[in-house]
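A look at the structure
Read off the chains here:
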Amino acid sequence: MDTLHFFLEGPGRETIAVTPVDAQAFGLEQARADDAPRRMMDDDGNLADQTDKSGYRYQFRERFGVWSLIVSD
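In this report, the structure presented in the accompanying data block is examined. Keep in mind the model is a prediction, meaning the values are calculated, not measured.

Rules behind the numbers
- In every chain, residue numbers begin from 1 and rise along the written sequence.
- Restriction of local features to residues with pLDDT of at least 70 applies here, the model being predicted, together with a cutoff of 80 or more for giving and counting side-chain atom pairs; totals for whole chains, interfaces and linings are based on all residues.
- Think of the side-chain values as coming from all heavy atoms in the structure, minus any hydrogens and water.
- Centres within 6.5 Å are what make two rings of Phe, Tyr or Trp a pair, Trp counting through its six-membered ring; a difference in plane orientation under 30 degrees is then read as stacked, over 60 as edge-to-face, and the rest as tilted.
- The cut-offs for exposure are 20% and 50% of the maximum accessible area for each residue type, with area from a 1.4 Å probe on protein chains only; residues under the lower value are buried, those over the upper are exposed, and the others partly exposed.
- Working rule: Lys NZ or Arg CZ, within 6 Å of ring centre, within 35 degrees of ring normal, means a charge sits over the ring.
- If DSSP finds at least two bridges between two strands, the strands pair.
- Helix and strand assignments follow DSSP, with helices taken as H or I runs no shorter than four residues and strands as E runs no shorter than two, numbered in order from the N terminus.
- Angular values range over 0 to 180 degrees, each being the angle between N-to-C directions of two axes fitted as lines to C-alpha atoms, with helices fitted over their stretch in contact.
- Residue contacts are counted whenever heavy atoms from the two residues lie within 4.5 Å of one another.

1. What about the packing of aromatic side chains?
Going through the model one piece at a time under the given rule, you end up with one aromatic pair. Here the aromatic rings of Phe60 and Trp67 are separated by 5.3 Å at their centres, their planes lie at 85°, and the arrangement is edge-to-face. The same class applies to Phe60 and to Trp67, which are both buried. In this structure, Arg63 packs its charged tip against the face of Phe60, placed 5.5 Å from the ring centre.

Laid out in structure tokens, this is it:
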């Protein structure tokens, strides 16, 4: 089976590799998985929170703008 790779593309088409973050690891274990915001983390540990219902837009606290999810195998 192929491994999926996740990237976020931001303003200026900057692309960074990210990994999905488990909501329980950040103290959201009481929230249902469907209700918990989805998060991605870059190699530096910066978190990006999902900002739309479809799961393709993310926003970092440390970086400007809205980032788009890219998935490849």
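2. Quick notes on the pairing of strand E1 (residues 5-9)
Alignment of E1 against strand E6 (residues 67-72), held across five bridges, turns out to be antiparallel. Each residue of the ladder has a partner; that of Leu8, found in E6, is Leu69. As consecutive antiparallel partners, E1 and strand E2 (residues 15-21) are separated by five residues, and within that stretch Gly12 has a phi angle of approximately 75°, a positive value.

3. What to know about the sheet that holds strand E4 (residues 47-50)
The six strands lie next to each other as E1-E2-E3-E4-E5-E6, forming a closed barrel whose pairing is antiparallel. Going across the sheet, the axis of each strand differs from the next one's by a mean of 40°, ignoring polarity. Sheet topology note: the strand E5 (residues 57-60)/E6 ladder contains two bridges and is antiparallel. In the strand pairing of E6, Tyr58 is matched with Trp67.

4. Regarding the environment of Val66
Relative to the helices and strands, Val66 resides in the loop between E5 and E6. The exposure class assigned to Val66 is partly exposed, which follows from its relative accessible area of 45%. On a C-alpha basis, the gap between Val66 and Leu8 in space is 9.4 Å, while along the polypeptide they are 58 residues apart. Val66 has contacts with Glu9, Gly10, Pro11, Thr51, Arg57 and Tyr58, leaving out every residue within four places of it along the chain.

By themselves, these figures tell us nothing about what the structure is for.
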